[in-house]
Amino acid sequence: MDALSRMLSAAVSGGFIAGFSVGGLSISHLLFADDTLLFCEPDSVHMQYLRAVLLCFEAVSGLKVNLSKSEMVPVGSVNNIQDLASILGCQISSLPLQYLGLPLGAAFKTKSIWDGVIEKIERRLARWKRLYLSKGGKWTLIKSTLSNLPTFIIGSGNNVSFWHDVWCGDMALKQAFPMLYQIACNKEAAVADLLTRSNADIHWNVIFSRAAQDWELDMLSGFFDSLYATSFGNVMRDRLVWKPSASIGRILTSDNLRKRGFIISDWCYMCKCDGESVDHLLLHCEVARSLWHDVFSRVGVAWVMPRSVRDLMCCWKGIRENAQIAAVWKMIPHCIMWCVWLERNKRCFEDMELSMAELKRFFYYTLLSWALAIICNTDDLHSLLVTLTSS
């Protein structure tokens with residue numbers, strides 16, 4: 001980029017192109033790590049010289065200047081902007097615009113132009129707070145997340161996804177063995193599709209699109225070791241089980257980490273307010289409360305939220321319908337808590353955040369997948385799911 005800078009400076013010195021002057025200093029270009037700003041008079045002759053400079057730079061450096069992805073931004077009124085853009089072969093934009101994440105060309109006293117910057121900083125605040133967590137604290141928090149995963153107990157294996165569900169170990173196989181998942185021939189297979197039973201013996205028939213490389217053999221061996229080490233229940237149907245650590249307050253929210261001696265700010269990643277306890281996060285946080293309210297309003301239930309998760313689980317009674325609808329109703333609190341906990345950890349560790357509408361859709365999709373995994377599709381069940389998932 002130093003060569004381009006020297007060529008542009010030489011063109012300015014020769015009077016071929018002109019930038020703008022600030023306090024006697026002429027500025028024709030600004031270079032960033034992966035971006036360049038060029039300043040030029042709205043003159044077709046100057047534009048042709050600028051194009052010639054860029055062509056010369058390509059010739060001597062071997063680099064390609066992608067003008068089709070570049071933009072020409074007029075400052076003030078420029079009548080021949082279309083002609084100038086056609087000379088360079090670039091696109092046309094206008095002020096104000098976002099450049100390197102900051103507003104450019106807007107009135108600096110207008111408060112609204114900084115809303116995006118403020119929002120981005122607020123999202124980073126939660127990320128900064130995790131820096132107070134030691135390596136041991138992070139590992140403890142990750143283990144707590146894994147210990148609260150909903151897990152399948154395999155019966156027939158017809159309703160459990162081989163790659164996507166948690167049934168072999170503490171995480172889905174596509175997460176435990178991502179490279180093998182990429183070369184799997186059937187990524188949507190159920191466990192029963194790849195499993196052959198002969199009396200007490202089992203055989204796994206997992207087919208990949210290519211043979212394993214030498215450096216993949218240990219990984220492949222670990223993969224099949226995990227499969228053959230998994231025990232199968234004597235039940236005929238697949239069952240989804242939940243380890244209810246939340247109901248006894250053991251999930252590692254910030255207040256529980258502080259009780260264990262970790263130095264960490266007491267901060268709720270969901271509502272961005274102080275004080276993250278189990279009961280606050282899963283019941284009384286603004287985000288969680290919106291999920292609970294949405295479910296109750298859809299089924300027409302008047303509900304006063306108990307003080308604690310334990311109290312909620314004690315008073316959550318099954319509705320007087322058939323066994324399948326009652327089973328879905330019992331899933332709802334577990335599903336809401338799981339979705340909130342998963343979203344909380346994504347905001348904490350991955351700096352990713354779903355909108356409220358996206359989080360609701362994710363909850364109903366998760367509830368539907370749980371229901372279909374363990375319950376036959378009857379008309380009554382279908383009616384309940386339609387009531388819950390209709391917008």
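Residue positions within a chain follow its written sequence, with the count starting from 1. Owing to the predicted nature of the model, reporting of local features is limited to residues with pLDDT of at least 70; listing and counting of side-chain atom pairs is limited to 80 or more, with chain, interface and lining totals taken over all residues. Side-chain measures were taken over the full set of non-hydrogen atoms in the model, leaving aside hydrogen atoms and water.

A.B. asks: Quick question: what am I supposed to make of the packing of helix H1 (residues 2-13) against helix H2 (residues 44-61) here?
C.D. replies: Between H1 and H2, the least distance of the axes is 10 Å, while the angle of their chain directions is 150°. In this structure, H1 meets H2 at a crossing whose hand is right-handed. From H1, Ala3, Leu4, Met7, Leu8 and Ala11 reach across to H2, where they touch Leu50, Val53, Leu54, Cys56, Phe57 and Val60. All residues other than Ala, Val, Leu, Ile, Met, Phe, Trp, Tyr, Cys, Pro, Asp, Glu, Lys and Arg, Gly among them, are scored as polar; the first ten of these are nonpolar and the last four charged. Taken together, the residues of the contact of H1 with H2 sort by class into 11 nonpolar, no polar and no charged. What counts as an axis is a line fitted to C-alpha atoms, over the stretch in contact for a helix, and the angles between N-to-C directions run from 0 to 180 degrees. Where helices and strands are cited, they refer to DSSP runs of H or I of at least four residues and of E of at least two residues respectively, numbered from the N terminus. By definition, turning the near helix anticlockwise from the far helix through less than a right angle yields a left-handed crossing, and turning it clockwise yields a right-handed one. The criterion used for residue contact is that any of the two residues' heavy atoms lie within 4.5 Å.

A.B. asks: Would you explain the packing of aromatic side chains in this entry?
C.D. replies: Two numbers describe a pair of aromatic rings. These are the distance of the centres and the angle of the planes. Whether two aromatic rings pair depends on their centres lying within 6.5 Å, for rings of Phe, Tyr and Trp, where Trp uses its six-membered ring; planes under 30 degrees apart make the pair stacked, over 60 edge-to-face, and the rest tilted. Taken as a whole and assessed by the stated rule, the structure comprises 18 aromatic pairs. On the basis of an interplanar angle of 80° and a centroid distance of 5.1 Å, the ring pair of Phe162 and Trp163 is categorised as edge-to-face. To sort residues, take the accessible area from a 1.4 Å probe on protein chains only and compare it with the maximum for the residue type: under 20% means buried, over 50% means exposed, and anything in between is partly exposed. Assessed through its relative accessible area of 0%, Phe162 is described here as buried. Members of the aromatic cluster, joined through ring pairs, are Phe162, Trp163, Trp167, Phe177, Tyr181, Trp204, Phe208, Phe223 and Phe224.

A.B. asks: Got a minute to help me understand unusual backbone geometry in this structure?
C.D. replies: Residue Asp351 is not a glycine yet carries a positive backbone phi of 55°. With respect to the helices and strands, Asp351 occurs in the loop between helix H14 (323-350) and helix H15 (356-374). For Asp351, a relative accessible area of 18% puts it in the buried group.

A.B. asks: Is there a simple way to think about the environment of Leu359 in this case?
C.D. replies: The residue Leu359 is located in helix H15 in this model. Residues contacting Leu359, with those up to four places away along its chain left out, are Met270, Val287, Leu291, Cys339, Glu343 and Leu354.

A.B. asks: Help me understand the pattern of salt bridges in this model?
C.D. replies: Working definition: two side chains of opposite charge can pair if their charged atoms are close together. Only one rule defines a salt bridge in this text: a Lys or Arg side-chain nitrogen within 4 Å of an Asp or Glu carboxyl oxygen. On inspection of all chains with the given rule, the structure shows seven salt bridges. A salt bridge links Arg344 to Glu276; its shortest N-O distance comes to 2.8 Å. One end of the pair, Arg344, is in helix H14; the other, Glu276, is in the loop between helix H10 (254-259) and helix H11 (278-284), and 68 residues separate them in sequence. On the accessibility criterion, Arg344 (1% relative accessible area) is buried. Among the salt bridges present, the one from Arg347 reaches Glu353, with a minimum N-O distance of 3.9 Å. For Arg347, a relative accessible area of 7% translates into the label buried. Its relative accessible area of 40% is what places Glu353 among the partly exposed residues. Within this structure, Lys272, Glu343, Arg347 and Glu353 form a network of salt bridges that share partners.

A.B. asks: Quick question: what am I supposed to make of the nonpolar core here?
C.D. replies: Burial of nonpolar side chains together is a common tendency in soluble globular proteins. Residues Met270, Leu282, Trp292, Ile332, Ile336, Val340 and Phe363 are the most contacted members of the largest nonpolar core, which totals 35 residues. Secondary-structure elements contributing two or more residues to this core are H11, helix H12 (286-299), helix H13 (309-315), H14 and H15. Among the nonpolar cores identified, the runner-up in size contains 21 residues, and Trp163, Tyr181, Ile183 and Ala184 belong to it. Among buried residues, those of type Ala, Val, Leu, Ile, Met, Phe, Trp, Tyr and Cys that are joined through side-chain atoms within 4.5 Å constitute a nonpolar core.

A.B. asks: I'm lost on the state of the cysteines in this one. Help?
C.D. replies: When the sulfur atoms of two cysteines share a covalent bond, that bond is a disulfide. The rule for a disulfide is simple: a pair of cysteine sulfur atoms within 2.5 Å. Under the defined criterion, the tally for this structure stands at zero disulfides. Looking at the unpaired Cys271, the closest cysteine sulfur is the one in Cys268, lying at 3.5 Å. Under the relative-accessibility criterion, Cys271 is labelled buried at 16%.

A.B. asks: Sorry if this is basic, but what is going on with a nonpolar patch on the surface here?
C.D. replies: The residues that make up patches have over 30% relative accessible area and no salt bridge, and they are joined within 9 Å when like-charged or within 5 Å when they are Val, Leu, Ile, Met, Phe, Trp or Tyr. For every accessible area listed, the method is Shrake-Rupley and the probe measures 1.4 Å; residues are considered covered only by the protein chains on display. A cluster of nonpolar side chains, contributed by Phe16, Val45 and Tyr49, occupies part of the molecular surface with about 260 Å² of accessible area. Along the polypeptide, Tyr49 turns up in helix H2.

A.B. asks: What is the right way to look at the side chain of Thr253 in this model?
C.D. replies: Relative to the assigned elements, Thr253 resides in the loop between strand S12 (239-241) and H10. For Thr253, the side chain forms a polar contact with the side chain of Asp255, separated by 2.5 Å. The contacts of Thr253, once residues within four sequence positions are left out, are Glu276, Ser277, Val278, Leu281, Trp341 and Arg344. Distance and chemistry together define a polar contact, namely a pair of N or O atoms within 3.5 Å, with one atom able to donate a hydrogen and the other to accept it when in protein, and with adjacent residues in sequence counting only for side-chain atoms on both sides.

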